[in-house]
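# Remarks on the overall topology
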Amino acid sequence: MKFRGKIIDIACLNHFSRVITTISKLTKTCVLRLTPDNLFFVLSEKVANGGVSMWCELSQANFFDEYQMEGVSPEDNEICLEVTPENLSRALKTVQNAKAVKVKLTKKHCPCLTIAAELPTLSSISRVVTHDVPVDVIPRRLWNEFKEPNMPDFDVSIYLPPLKTMKNVVDRMKNLSNFLVLEANLNREMNLKIETDLVSVTTHFKDLGNPPWGEDASQDGGPSQSRDPEAMAQARVDIRKLQQFLMGQQVNPSKAMCNIVHERVVHLILLHEDVSLQYFIPAVA
């Protein structure tokens, strides 16, 4: 197994750093899957046990100027590593002004992702800062747990309002309740609701738009055309899990969508040019 990459473009480096920081806000540990064309950050807690799951996909060509990898074998040309995103994020933050950053899979006292940065200097002597970020190599027999999640057979799909606005609403609601009902319909409307013995609060969003796949009648990841456009699909979720997702956003997505499987799961999708992030929050009774 071999992996080495090099980032020279400072905009690419900062964008990569923001993606890792976003992921570090969502999970303490996750799996990094390296393939010849892509990097995937995967969290697959069992949704049945109330755990969230995440799938973040990056095209290596949009970040790395040089990228070489050899997987476990020619047939299984991948590398799977368990990483702590916070450690990666810290290392990348210290090298944001670097002339070039190299990332390499190394064997020190344990397997590491070694980040070596060539920093700008006023003299002719080059300054190189190195960070060794420990990782665990995941054996081939466990790879099946880290495949791309299937698109759920959702009831409603809707574009999200500006994430900052949504975060402000959720932050306020969190002071009143531990759970939030997120509901939406095919008439471009979404509501965030909390109900306790003392108070009931609803925030309404209108004219949000429904993604194109929502207009196709199909049970392959799209709502049925026979569905009443006014009918709300809803899911009651742990408000902290939604807040965590909204707090960590540094990707500035061009599109943010939400798919709801009625009373089962909320599937959030952020798209930004070369990055896609999916986040699944299970509904609670």
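Our structure's up above, just so we're on the same page.
Residues numbered from 1 in each chain as written. Predicted model: local features only at pLDDT ≥ 70, side-chain atom pairs only at ≥ 80, totals over all residues. Heavy atoms only, no water.

Attention now moves to the side chain of asparagine 185. Inspection of the secondary structure puts asparagine 185 in the loop between β12 (179-184) and β13 (190-195). On the basis of relative accessibility, which here comes to 0%, the residue asparagine 185 falls in the buried class. For asparagine 185, the side chain forms a polar contact with the side chain of glutamate 189, separated by 2.8 Å. Not counting the four nearest positions on each side in its chain, asparagine 185 is found in contact with Val156, Ile158, Asn210, Pro229, Glu230, Ala231 and Met232. (Helix = DSSP H or I, 4+ residues; strand = E, 2+ residues; numbered from the N terminus. Buried < 20%, exposed > 50% of the residue type's maximum accessible area, 1.4 Å probe, protein only. Polar contact = N/O pair within 3.5 Å; in protein donor to acceptor, adjacent residues only side chain to side chain. Contact = heavy atoms within 4.5 Å.)

Attention shifts here to unusual backbone geometry. For aspartate 207, which is not glycine, the phi torsion reads 55° and is therefore positive. Following the sequence through the fold, aspartate 207 ends up in the loop between β14 (200-205) and β15 (233-238). Looking at aspartate 207, the relative accessible area reads 59%, which means it is exposed. If you check the backbone angles, glutamate 263 has positive phi at about 60° while not being a glycine.

Spatially, β5-β1-β7-β8-β9 is the arrangement adopted by the 5 strands of the open sheet, whose pairing is antiparallel. A single partner strand is all that each edge strand has here, and the edge strands are β5 (66-70) and β9 (127-134). Pairs of neighbouring strands in the sheet enclose a mean axial angle of 15°, with direction left out of account. In this structure, strand β7 (residues 100-107) lies alongside strand β8 (residues 111-119), joined through 8 bridges in antiparallel fashion. For valine 103, the partnering residue across the bridge sits in β8 and is isoleucine 115. (Pairing = 2+ DSSP bridges. Axes fitted to C-alpha atoms, helices over the stretch in contact; angles between N-to-C directions.)

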